[in-house]
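# Fold and contact review
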Amino acid sequence: MKRSNLFGVGVRCIGIVAALGSMHVEAATTRRVNPAGTGTPVDGSTWDRGYRNLQDALSAALPSDDIWVKAGTYKPVNCTTCTEADREISFRLPYKVTIWGGFAGFETSVVQRNVATNLTNLSGDLLGNDLPNFVNRGDNSHHVVNVQGFEEDFFEFVGILDGFTIRGGNAGGFFLYGDEPGGGGIRLSGFPQCPPWDPECTPPLGFLEIRNCTITDNRADHAGAGIYNLSGYLIRIINSEISNNTAYHPSQSGHGGGIGNKGTANLEIINCRIVNNTARVTGGGVYLEASNDPQSPQTQKIINSLIANNVCLGNSVLGTLSLGAGIRARGNGTNLEMRNCTVTGNFANRPSGLGGAGGGGLAVTFDATVRVYNSIIWGNDAVDFGKQISNFEAAANLQVFHSNTQNRPTFSDISGPIQVPDPNTNIGTVDITDNPRFYDPAGTVDNDPVNDFKLTHPANEANRCIDSGDNAQMAIAGQLTPQYADLASGPRLIDDTSTDDGAGAPQTPMQCAYVDMGSYEFQPNPSEDCDGNFIEDFCDLQQPESDCNANMIPDVCEGGPMLYAKIMSDPPDSNCLWRSANNFFRMTFACDITAPPPGKVVISEMLNSGQFGPDLSASFTFTVENDGQGNPRVLKIQENGTVLTHGKWYDIHNLAWPGIEPFCVQYPVLVGDADNDCSVVNADLSVINSGNPCASNCDPRKDINGDGLINGSDVKAANAHVPTFGPPARPSGHLSCIAY
């Protein structure tokens, strides 16, 4: 039976919108790793019985399992005289398994771990002899972590890596594997497959998420020293740091010191620091190169992130251009969106008299398309041209909205055409070229790099990056949960009353101030967010949140009305509904609920290209039931008649149910799936017949036509769909609810 995993910070009644994830529901099996364990059998069922090394846990893991890893250093292989075969061994992530680091070895829940204190290292330094500046790396693992597609997997690859430091990889040996060597830290390869029995299938979107990780001190001969995505999968990187990695080959190339993303791969970078990486040729921080595949359009998103102090060195052997020290976007399949990013301190260098160096902050080449929103591109440098931005394409390929770009449009800072549309939709400033007044860009004031690029507002000096962004561009397309935290986990939408932004009425619901430009929000008084929803309390009180005693503190902070979270669904997300009529499913919430008003929970067919059909919720009945403790916390949703269609996927989500946090559940319909394995075969007919006949209190799983009885008509309804092997492919452009 398939199980649903929702990942994040745990069950809560208070109305905090989780900044980067949903809640984690207990896995099928939790497998612990503890090198100091002494108990037997060694099966990971307790900390004392923990696997003594991580590779054993990875080998034992099954889909939907969790692996909890105790703090320490883990290497892909233990060797004293390491051979080339040893170097080719990596930590290979199993199919649909979540791997968690940051445990001390006593925890009974993921929320008890402390990633910052309990450092969990995955290291490619096999002999433990690494020295600074990548000395003594000849024995190191080619890839510390390796993610490969599963040819036998006809649906989605879903994997999550959370809470690790990944270091010491050395993807050396140019074209060693028949393709570009890259991904000293993490390498992805392979492509989602369609089942051979479905010629009309659109390849599904595979998915890997990296959260709360540090990828550092890795190198590669060619590309993506920290992370290299050479697959057909989406990789999402959240709350992570990619730093001090180098893509460099003495006589060849070097692209994407921090991250390389190539081919038909999709990429999302959210709330990350990409700093101090080096590339020999292009993309010191991030290198994006996507081919144009109309059957699988690629998207790349960099959200709320800092790209700083990355370098391109230039190639004295080949004499090639040195481009995009911060970011290089290349190829007609590259469609990059940047939202609330800070790109600063990056340098496109070159050896004297050779090649050319440009695009210190950003380089756009070979028909790539880039859209920049609410961002700061400032203080970058290049030896020859485009210190901030170098655009080799038509103006329409690079557009900048509500952002700050230094010295535009002078050639020394911006080379090539740049389009700056003014939609006249924001009361505040649309586009500026002002000093962002970073707190400590040189890193000399204190030892906390998190503070370096925060915005400041000195007395009697304006900072027009504050309260000048476009609130409509904050959200991430396709994400149901608002991403309101800045890069320092501070609240967004903080209205600086000393900044004249022309603020009047709220721009959109739930927003009364203007977001700042860049990855950090200016925080004049960050304590004014008592409910932790990343919206200033003053702004909350302009919206539906109540303040019954008029003390300017939202009731939610004083034990009043709360936002409630969905904690489980039955069937679990992505399991199959089985009836030809009167299908039903239930959702359980953390606190007492009342039925949603009409239209507040939307039920829609999932269509290709990320689209949805019309809302079908009017054809369903919503009933509140008691849970096992007698509390009204269960919402039953029942189809009235025949609304849902066999072989289709449906999405159920809440964006406007008062008092309820956003949630998402998705189900395919497979009429006749009596044994709950998302297929309809003769075994299902046997299951139905085992309950035939039944006239009352019948097993609902065997009641295929939904009339409350079990008889020959149920067998006939199921038999109409025999054989159906596996659920239908998720329509293109849709992520599973796990990904939200």
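Residues numbered from 1 in each chain as written. Predicted model: local features only at pLDDT ≥ 70, side-chain atom pairs only at ≥ 80, totals over all residues. Heavy atoms only, no water.

Here we come to the overall build of the protein. A count of helical and extended segments in the protein gives five helices and 47 strands. In the protein, which comprises 740 residues, the share counted as buried stands at 57%. (Helix = DSSP H or I, 4+ residues; strand = E, 2+ residues; numbered from the N terminus. Buried < 20%, exposed > 50% of the residue type's maximum accessible area, 1.4 Å probe, protein only.)

Before going further, it helps to spend a moment on the packing of aromatic side chains. Here the structure, examined in full by the defined rule, presents 10 aromatic pairs. Both rings, one in W68 and one in F103, keep their centres 4.9 Å apart while their planes meet at 10°; by these two values the pair is stacked. One end of the pair, W68, is in strand 2 (residues 66-70); the other, F103, is in strand 5 (residues 98-103), with 35 residues separating them in the sequence. Judged by its relative accessible area of 2%, W68 is buried. With a relative accessible area of 0%, F103 lands in the buried category. Between F589 and F663, the aromatic rings sit 5.8 Å apart at their centres with planes inclined by 65°, giving edge-to-face as the arrangement. Pair noted here: F589 is in strand 42 (residues 584-589) and F663 is in strand 47 (residues 663-668), with a separation of 74 residues, a long-range link. Taking the relative accessible area as the measure of exposure, F589 reaches 1% and is therefore buried. (Phe/Tyr/Trp six-rings, centres within 6.5 Å; stacked < 30°, edge-to-face > 60°.)

Another aspect to go through is unusual backbone geometry. Here the amide bond leading from N692 into P693 is cis, since omega sits at 0°, within 30 degrees of zero. Within the fold, P693 resides in the loop between helix 4 (682-689) and helix 5 (712-719). Residue P723 follows V722 across a cis peptide bond; omega there is -5°. Looking at the secondary structure, you find P723 in the segment after helix 5. Despite not being glycine, S609 has its phi angle at roughly 65°, a positive value. If you trace the backbone, S609 turns up in the loop between strand 43 (601-605) and strand 44 (620-626). In this model, N697 sits at a positive phi of 50°, which is unusual for a non-glycine residue. As for its placement among the helices and strands, N697 is situated in the loop between helix 4 and helix 5.

A word on the packing of helix 4 against helix 5. Each pair of packed helices can be described by the angle between their axes along with the distance between the axes. The N-to-C vectors of helix 4 and helix 5 enclose an angle of 170°; their axes lie 10 Å apart at closest approach. Relative to helix 5, the element helix 4 is oriented roughly antiparallel. Residues L685, I688 and N689 of helix 4 lie in contact with helix 5, whose contacting residues are D714, V715, A718 and N719. Residues of the contact of helix 4 with helix 5, tallied by class, amount to four nonpolar, two polar and one charged. (Axes fitted to C-alpha atoms, helices over the stretch in contact; angles between N-to-C directions. Parallel < 35°, antiparallel > 145°, perpendicular 65-115°, else oblique. Contact = heavy atoms within 4.5 Å. Nonpolar A, V, L, I, M, F, W, Y, C, P; charged D, E, K, R; others polar.)

Moving on: the nonpolar core. Grouped together as the largest cluster of nonpolar side chains are 54 residues, with contacts concentrated most on I67, I227 and I237. In terms of residue count, helix 1 (residues 54-60) provides more of this core than any other element does, three residues in total. Contact partners of I67, with chain neighbours within four places excluded, come to R31, V33, L54, A57, L58, A61, V97, T98, I99 and W100. Core analysis: the second largest hydrophobic core is formed by 32 residues, F584, L644, Y667 and A717 among them. (Core = buried A, V, L, I, M, F, W, Y, C linked by side-chain atoms within 4.5 Å.)

This part takes up helix 4. Of the residues making up helix 4, those classed as buried are D684, L685 and I688. Across the axial projection of helix 4, the buried residues extend over an arc of 105°, all falling on one side. On its buried face, helix 4 is in contact with helix 5. (Arc of directions from axis to C-beta.)

The next subject is the sheet that holds strand 31 (residues 347-348). One open sheet holds the seven strands; their spatial order is 10-14-18-22-26-31-36, and the pairing between them is parallel. Pairing within the sheet leaves two strands with one partner each, and these edge strands are strand 10 (170-171) and strand 36 (381-382). The pairing of strand 14 (residues 219-220) with strand 18 (residues 246-247) spans two bridges and is classified as parallel. Among the inter-strand pairings, R219 is bridged to a residue of strand 18, identified as T246. (Pairing = 2+ DSSP bridges.)

Below, the discussion takes up the state of the cysteines. Scanning all chains against the criterion turns up three disulfides. A sulfur-sulfur separation of 2.2 Å characterises the disulfide bridge that pairs C576 with C678. Taking the torsion about the S-S bond as the criterion, the C576 to C678 disulfide, at about 120°, is right-handed. Taken as a pair, C576 in the loop between strand 41 (566-570) and strand 42 and C678 in the loop between strand 47 and helix 4 lie far apart in primary sequence, 102 residues in all. By the burial criterion, C576 is buried, and C678 matches it. Disulfide pairing places C694 opposite C698 at an S-S distance of 2.1 Å. Residues C694 and C698 are joined through a disulfide that is left-handed, its torsion about the S-S bond being -105°. Each member of the pair, C694 as well as C698, carries the same accessibility label: buried. (Disulfide = S-S within 2.5 Å.)

On to the pairing of strand 6 (residues 120-123). Taking every second residue as pointing to the same face, both faces of strand 6 are buried, with T120 and L122 on one and N121 and S123 on the other. Where strand 3 (residues 72-74) lies against strand 6, three bridges are found, and the strand directions are parallel. Looking across to strand 6, one finds that G72 is bridged to T120. Summarising the sheet, strand 6 and strand 9 (residues 165-167) pair through three bridges and their orientation is parallel. Across the sheet, S123 pairs through a bridge with R167, a residue of strand 9.

Attention shifts here to the pattern of salt bridges. Following the criterion strictly, the structure yields 19 salt bridges and no others. The shortest N-O distance in the salt bridge between D162 and R113 comes to 2.5 Å. On the criterion of sequence distance, the pair formed by D162 in strand 8 (residues 158-162) and R113 in the loop between strand 5 and strand 6 is long-range, its members being 49 residues apart. With respect to burial, D162 and R113 carry one shared label: buried. For E268, the salt bridge is made with R236, and the minimal N-O distance between the two is 2.7 Å. With E268 in strand 20 (residues 266-270) and R236 in strand 16 (residues 234-238), this residue pair connects regions lying 32 residues apart in the sequence. Assigned by exposure class, E268 and R236 land together as buried. (Salt bridge = Lys/Arg side-chain N within 4 Å of Asp/Glu carboxyl O.)

Looking only at helix 5, the buried set comprises D714, V715, A717 and A718. Down the axis, helix 5 shows its buried residues gathered within 160° of arc, on one side only. Of the surrounding secondary structure, the elements contacted by the buried residues of helix 5 are helix 4.

Take N407: it is sitting in the loop between strand 39 (404-405) and strand 40 (414-415). Separated by 28 residues in sequence, N407 and N435 place their C-alpha atoms 9.7 Å apart.

This part covers the sheet that holds strand 47. If you trace the three strands from one edge of the open sheet to the other, you get 43-46-47, paired in antiparallel fashion. Pairing within the sheet leaves two strands with one partner each, and these edge strands are strand 43 and strand 47. With direction set aside, neighbouring strand axes in the sheet form an average angle of 15°. By the bridge criterion, five bridges tie strand 43 to strand 46 (residues 649-654) in an arrangement that is antiparallel.

So, about the confidence of the model for the protein. In the predicted model, the protein carries a mean pLDDT of 80, and 75% of its residues have values of at least 70. Note that residues 174-178 has pLDDT below 50 and, in this model, 13 contacts with residues that lie over four places away or in other chains. Counting interchain partners and residues more than four positions distant, the pLDDT-below-50 stretch residues 502-511 has 22 contacts. (pLDDT = per-residue confidence, 0-100.)

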